[in-house]
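Residues per chain, in single letters:
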Amino acid sequence: MKVVKSVSASLVLTTAAVAVLAGCTSSTNETKAGTTEKPSINIFTTRIQPNPNSEVIKQLNEKLGVDLKITAVPDADYDTKLNLFVASGEMPDVYGGYITSSKALFDSAATLTEDEVKQYAPNIYASFVSRVGSQKSHILDLWSRDGKLKGFNNGALGNSLPYGVAIRSDILQALGVSMPKTIADWDTVLKKYKEKYPNNYPITVQNGGEAQAMYYFLSAYGVRRDAWIYKDNQIQYAPFMPGMREALIQLNKWYKAGYINPEYYTMYQNTSAPIDEFVNNNALFYQYYNTTLQINPPFDEGSIGAKLTAKYPNAKLEWAPFPTSGDGGKAIVANAPMFTNIVFFNKKLEKDRDKLHKIMTAWDTIFGDAETFTLAKYGLKDTHYTLVNDSPVTKQEFSTNEAKAKEGFGWPFMGAFDATDDVNAKVLPAFIKENRQKLLFDDNGLYSKKKVDYLVTTDKPTVEGPITTESGENLDGKNQTYATQWNTMFTSVIVGEKTINDFDAFIADWKKQLGDELVKNANRLYNKK
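What you are looking at is a predicted structure, and each value in this text was computed from that prediction instead of being measured.

Basis of the calculations
Residues numbered from 1 in each chain as written. Predicted model: local features only at pLDDT ≥ 70, side-chain atom pairs only at ≥ 80, totals over all residues. Heavy atoms only, no water. Phe/Tyr/Trp six-rings, centres within 6.5 Å; stacked < 30°, edge-to-face > 60°. Helix = DSSP H or I, 4+ residues; strand = E, 2+ residues; numbered from the N terminus. Lys NZ or Arg CZ within 6 Å of the ring centre and 35° of its normal. Axes fitted to C-alpha atoms, helices over the stretch in contact; angles between N-to-C directions. Parallel < 35°, antiparallel > 145°, perpendicular 65-115°, else oblique. Contact = heavy atoms within 4.5 Å. Nonpolar A, V, L, I, M, F, W, Y, C, P; charged D, E, K, R; others polar. Pairing = 2+ DSSP bridges. Buried < 20%, exposed > 50% of the residue type's maximum accessible area, 1.4 Å probe, protein only. Arc of directions from axis to C-beta. 1 Å grid on protein atoms, 1.4 Å probe; cavity = no way out; pocket = protein on both sides within 12 Å on 5 of 7 lines; lining within 4 Å. Points joined across faces, edges and corners; volume = space filled by probe spheres on them. Right-handed = clockwise from strand over helix to strand, strands pointing away. Salt bridge = Lys/Arg side-chain N within 4 Å of Asp/Glu carboxyl O.

Looking at the packing of aromatic side chains
For the structure shown, the criterion picks out 41 aromatic pairs. Note on W486 and F490: the rings are 5.7 Å apart at their centroids and 80 degrees apart in plane angle, and the pair reads as edge-to-face. Placement of both W486 and F490 in helix α20 (residues 476-494) is noted, with a separation of 4 residues, approximately one turn of the helix. The ring of F490 carries the charged tip of R225 above its face, separated from the ring centre by 4.1 Å.

Brief notes about the packing of helix α12 (residues 242-256) against α20
At a minimum axis distance of 7 Å, the contact between α12 and α20 shows a crossing angle of 45 degrees. As the angle between them shows, α12 and α20 are arranged oblique. The residues of α20 that touch α12, namely those facing M244, L248, L251, N252 and Y255, are W486, F490, V493 and I494. For the contact of α12 with α20, the per-class residue count stands at 8 nonpolar, 1 polar and no charged.

Observations regarding the pairing of strand β9 (residues 228-231)
In this structure, β9 lies alongside strand β10 (residues 234-237), joined through 4 bridges in antiparallel fashion. By the bridge assignment, W228 is partnered in β10 with Y237. The turn linking β9 back onto β10 is made up of 2 residues, and D232 within it adopts a positive phi angle of 55 degrees.

Topic: helix α19 (residues 430-441)
Considered for burial, the residues of α19 that qualify are F431, I432, N435, R436, L439 and L440. Buried residues along α19 cover an arc of 130 degrees about the axis, so they all sit on one side. Residues of α19 that are exposed and point more than 90 degrees away from the buried face comprise E434 and K438.

Concerning the layout of surface pockets
To find leftover empty space, one rolls a probe the size of a water molecule over the atoms. Estimated volume of the second largest pocket: approximately 1,000 Å³. Considering the residues around the second largest pocket, the lining is formed by 44 residues, among which V456, T457, T458, T462 and E464 are closest to the centre. Looking at the lining of the second largest pocket, the elements that each hand over two or more residues are α6 (122-132), α7 (136-142), α8 (157-160), α19 and α21 (500-526). Looking at which element gives the most residues to the lining of the second largest pocket, the answer is α7, with 3 residues. Of the residues in the lining of the second largest pocket, the class split is 20 nonpolar, 14 polar and 10 charged.

Side note on the pairing of strand β4 (residues 67-73)
Bridge count between strand β3 (residues 40-46) and β4: 7 bridges; the pairing is parallel. Within β4, the position partnered with S40 by the bridge is D67. Regarding topology, helix α2 (residues 55-64) serves as the crossover connection from β3 to the parallel β4, and that connection is right-handed.

Quick look at the pattern of salt bridges
Per the counting criterion, the structure on display carries 17 salt bridges. The partner of D418 in a salt bridge is R131, with the nearest N and O atoms 3.0 Å apart. Here D418, found in the loop between α17 (401-407) and α18 (421-427), pairs with R131, found in helix α6; they are 287 residues apart in sequence, far enough to count as distant. One exposure class covers both D418 and R131, and it is buried. Across the pair D170 and R168 runs a salt bridge, and its minimum N-O distance is 2.9 Å. Note on accessibility: D170 and R168 belong to one class, buried. What emerges from the salt-bridge pattern is a single network uniting R131, D418 and D421.

Purely spatial values, then, with no claim about function.
Encoded structure:
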């Protein structure tokens, strides 16, 4: 069981970013003839395997003085392939992992020192210090084994920020209703929507995978599909919390009323379905509307807003608040831990500290230098991207992963790894900076910490590793059977195939056989507040 489900997917993707770092770094080698040869750096990443003969890769190699050798696999294959590397003892020069990675993976990594990172990756280090605050010692411990630092990261800022929700404000206006804020408000809105559009479903597929199904509405009840949640000075398991039962009862009522698309669950198998449904006028709102997306025109070519308004010119988007139960409590907002991801360097580099240090310096250059960052992420100016309000915007013909792979850019950034704050300030489009400031950083922002309860923060306990008994037995594996059954039960109750009494019986058995012990040990291990 991956302990922080809200970030498990992004953690795997982070390796792409991690890999990139590695790729940029190795030292040059002196040949017997006295000439200098660019060293080959083996990078393991996901999704995008860039064409080594592309102009972008050639320019990156020239800037960094290396020969990038990049191996990319689909997200789902990453862990399997990485385990094969571990078993063979032949690791890439740089690869990615996270704090819950296996002991074998940590053992395959070079031991670092904080001073090394500070000296050879000063921009990354400064960014880390700025973001980590008072949690510095704690985070360094998470990245260490037996007191030795095994990897580093400057914090996945982008992934740690919660996504918002975009709602069709033009439809709300047509219904004669105001922006819904509570579950009761939503009940009114959904009823009027169904009356006006009887053949449509206001709630349809919501992107984020099945583990995040109905997350937007679960948030009102203070729960999340299978998350660990700190409440009342205890770490609690969401399936066992009273709010989960209440949420399922409400969702079942909405399903019976025809508000939820009967195909919402199977639609998760089609990764393009969430956007397709929304831009085809088949949904009232879009869950997981990132603050990197535009809410107002003019929309960038190929964006969700552009696709929607191309078909429905009068469509208007507005940020929607997370619903509450109406009892004065805050909604739970999912966000990923900023410092879960780790960049690992091959253990063999311990015997070549000079090369290791040059790798760190190249890593620092890619993520700490705006020009290099732009080249790696966006490619060549005027060829692959244009400047809009001084920020790079990828051309529509190069917006797919296939096109990026062919042209050699975008591969380091499929994951959660983030550039430094200085680079973000120079490269991020103005609307992203405005979105984040207005929605997240300002106290009165819809998604600020004063308005909503972030699932993961540095000031409260979180489950950050395996859950074991005092005798050392790992409970995660034993819990997997129940977790799998829970996925089925969750959807079955919503669609009426199972009753709430079936849910009660299942949860009671789960808690008796394993759940109570699981929660007790989660608090023993991680509730140190």
